[in-house]
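The lines below spell out each chain.
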Amino acid sequence: MKGQNKLFIAIIVALILGVGVGMYVHSGSTKEEAETFAGHIKLLGTIFIRLVQMIIAPLVFTTLVVGIAKMNDMKMVGRVGGKAMLWFLTASLFSLVIGLILVNWLEPGKVIELNLNDTSAASEVMEGTKSFSVEDFVKHVVPKSVFEAFATNEVLQIVVFSVMFGLALGSLGETYAAPVIKLFDVVAHAILKMVGYIMWVAPVGVFGAIAAIVATKGFDIFSVYAIYLRDFFIALGILWLLLCLVGYMILGNRLFELMRRIKEPLLIAFSTTSSEAVFPKLVEELEKFGCNNRIVSFILPLGYSFNLDGSMMYMTFASIFIAQIYGIDMSIGEQIIMLLVLMLTSKGIAGVPRASLVIIVATCSMFGIPPEGIALILPIDHFCDMGRSMTNVLGNALATSAVSKWEGQLENPTEQGLSL
């Protein structure tokens, strides 16, 4: 715990230093100099993210295979998976609805008028939508090569292979399966040990990421987009309140212990705009919290593909915002259809770069909203991504804890100890 507090303090200090250095560069340099500085300093964040990405695939594979293979009762796999999907779909629906209600109530697009001056950036995102289709979705889910899935960190494809491999391994019987399960279990814990080393690079990554964005954008971005950011974070706050309320109904007072446990993953996700970056640390903290390690290794990878609450809310909020900017009035029926489309098309896109923006552009095109409007969001998407990444982490932590509680396998480490 003492080491965790030191890391937390180091991250806070890195955040403050990053803002300070970024503002110094922003105020005392030309635009070209600031962009050059940002291009170099953000490499510190890139190093941290790549170190984490390095262990994502092996960690997901080993923990999921071990978790499923140890579940000799296949009915338990179906039961746990069913409860997880029920949570994922319900949470996704509520997240989309909250975004839809709040953007219609607050109407940020009807009081902001901006010029489209970032069309080149918009074109980049639009290019990513050209190949997005049902066929592309199926290809994204079903791996043709597990090695390709590992090489590209396609979490959902790795999950599909790991589930099948774990089921097959568990069906071989203890004589054949036990040595392999033991090997993967050791590998998983060795990787978790690596997590501890990599997390100490987090403050450096946070400093680089924050300094880069502040150096190029400064604080002016907050005044230009104040209304949009204010309304988005109000909606995000309401989503947090709902998630925590449901979490308290299920976990009781232990919700506060969970929040203390995951404060570092939440802060890192907020600072680096990457919920993927905290996956290994989140696994470790949930197991320390008392979640069954088999359930953690089964639910959490699925959550990273199906349970992105912050991203889901952002999609409806941003899509309707763009429609408001262009003065397009959408009927309630059209908005409900848009919600259902987002509900379906957003699943399994966790590995797509700028996933939320890609889906927003694709959805806008379907409903006759100028997709070029994405240019209005791009300049502040980094700040919005900080909030939605943090929310994604919270949602997955709550989902894993809730399923563990429903299964009667949520231990109290202070009373029973935690066996890893």
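How each quantity is defined
- Residues numbered from 1 in each chain as written.
- Predicted model: local features only at pLDDT ≥ 70, side-chain atom pairs only at ≥ 80, totals over all residues.
- Heavy atoms only, no water.
- Helix = DSSP H or I, 4+ residues; strand = E, 2+ residues; numbered from the N terminus.
- Buried < 20%, exposed > 50% of the residue type's maximum accessible area, 1.4 Å probe, protein only.
- Areas by Shrake-Rupley, 256 points an atom, 1.4 Å probe, with all protein chains shown as cover.
- Salt bridge = Lys/Arg side-chain N within 4 Å of Asp/Glu carboxyl O.
- Contact = heavy atoms within 4.5 Å.
- Phe/Tyr/Trp six-rings, centres within 6.5 Å; stacked < 30°, edge-to-face > 60°.
- Lys NZ or Arg CZ within 6 Å of the ring centre and 35° of its normal.
- Core = buried A, V, L, I, M, F, W, Y, C linked by side-chain atoms within 4.5 Å.
- Polar contact = N/O pair within 3.5 Å; in protein donor to acceptor, adjacent residues only side chain to side chain.
- UniProt positions renumbered as here; feature names shortened; annotations may be inferred.

Caption draft 1: Inspection of the overall build of the protein at higher detail. On a plain count of helices and strands, the protein comes out with 21 helices and zero strands. Counting all 420 residues of the protein, 54% fall into the buried class. Accessible area for the protein stands at about 18,400 Å²; split by element, carbon and sulfur atoms hold 65% of it.

Caption draft 2: A look at the pattern of salt bridges. Counted according to the given criterion, the structure contains eight salt bridges. Residue Arg254 is joined to Glu257 by a salt bridge in which the shortest nitrogen-to-oxygen separation is 3.2 Å. Residue Arg254 and its partner Glu257 are both found in helix 13 (residues 254–261); the two are separated by three residues, about one turn of the helix. Judged on exposure class, the residue Arg254 and its partner Glu257 are both buried. Between Glu284 and Lys281 there is a salt bridge, with the nearest N and O atoms lying 3.8 Å from each other. Within this pair, Glu284 and its partner Lys281 are both found in helix 15 (residues 279–289), separated by three residues, close to a single helical turn. On the accessibility criterion, Lys281 (6% relative accessible area) is buried. Taken together, the shared-partner salt bridges in this structure form one network comprising Arg261, Lys281, Glu284, Glu285 and Lys288.

Caption draft 3: Fine view of the environment of Ala84. As for its placement among the helices and strands, Ala84 is situated in helix 4 (residues 74–106). The class of Ala84 is buried, set by a relative accessible area of 0%. Along the sequence, Ala84 and Ala399 sit 315 residues apart, while their C-alpha atoms lie 7.0 Å from each other. In this view, Ala84 contacts Ile299 and Val403; residues no more than four positions away in its chain are not counted.

Caption draft 4: Region of the structure containing the packing of aromatic side chains. One pass over the structure, following the stated rule, counts 13 aromatic pairs. Here Phe61 and Phe161 contribute two aromatic rings whose centre-to-centre distance is 6.0 Å and whose plane-to-plane angle is 25°, an arrangement assigned as stacked. Here the residue Phe61 occupies a position in helix 3 (residues 43–70), and Phe161 occupies one in helix 8 (residues 155–171), the gap between them amounting to 100 residues. The exposure class assigned to Phe161 is partly exposed, which follows from its relative accessible area of 29%. Between the aromatic rings of Phe165 and Phe184, the centroid separation amounts to 6.2 Å while the plane-to-plane angle is 50°, which identifies the pairing as tilted. A residue pair is termed long-range when its members are at least 10 positions apart, and Phe165 in helix 8 and Phe184 in helix 9 (residues 174–199) qualify at 19 residues. Taking relative accessible area as the criterion, Phe165 reaches 30% and is therefore assigned partly exposed. Site record: aromatic cluster; members linked through ring pairs are Tyr228, Phe232, Phe233, Tyr314, Phe317 and Phe321. Note that Arg254 overlies the ring of Phe289, its terminal NZ or CZ placed 4.2 Å from the centroid. Looking at Arg388, its charged tip hangs above the ring of Tyr314, at a distance of 4.2 Å from the centre.

Caption draft 5: Representation of the environment of Cys364 in the model. With respect to the secondary-structure elements, Cys364 resides in helix 19 (residues 355–366). For Cys364, a relative accessible area of 1% puts it in the buried group. It is 9.9 Å that separates the C-alpha atoms of Cys364 and Ala318, two residues lying 46 residues apart in sequence.

Caption draft 6: Focus on the nonpolar core. In terms of nonpolar packing, the biggest core is built from 117 residues, with Phe48 and Tyr228 touching the most fellow members. The element best represented in this core is helix 3, accounting for 14 residues.

Caption draft 7: Up close: the environment of Ser92. As for its placement among the helices and strands, Ser92 is situated in helix 4. Linking Ser92 and Leu342, residues 250 residues apart in sequence, is a C-alpha distance of 9.8 Å. A polar atom in the side chain of Ser92 sits 2.8 Å from the backbone oxygen of Phe88.

Caption draft 8: Here's a closer look at the UniProt feature "transmembrane region" (unreviewed entry) in the protein. According to UniProt, the "transmembrane region" (unreviewed entry) feature falls on residues 7–27, 47–72, 84–106, 155–173, 194–215, 227–251, 320–345 and 357–380. Note that residues 84–106 is 100% helix and 0% strand, and that its end C-alpha atoms are spaced 33 Å apart. For residues 194–215, helix accounts for 91% and strand for 0%, while the C-alpha atoms at its two ends are 32 Å apart.

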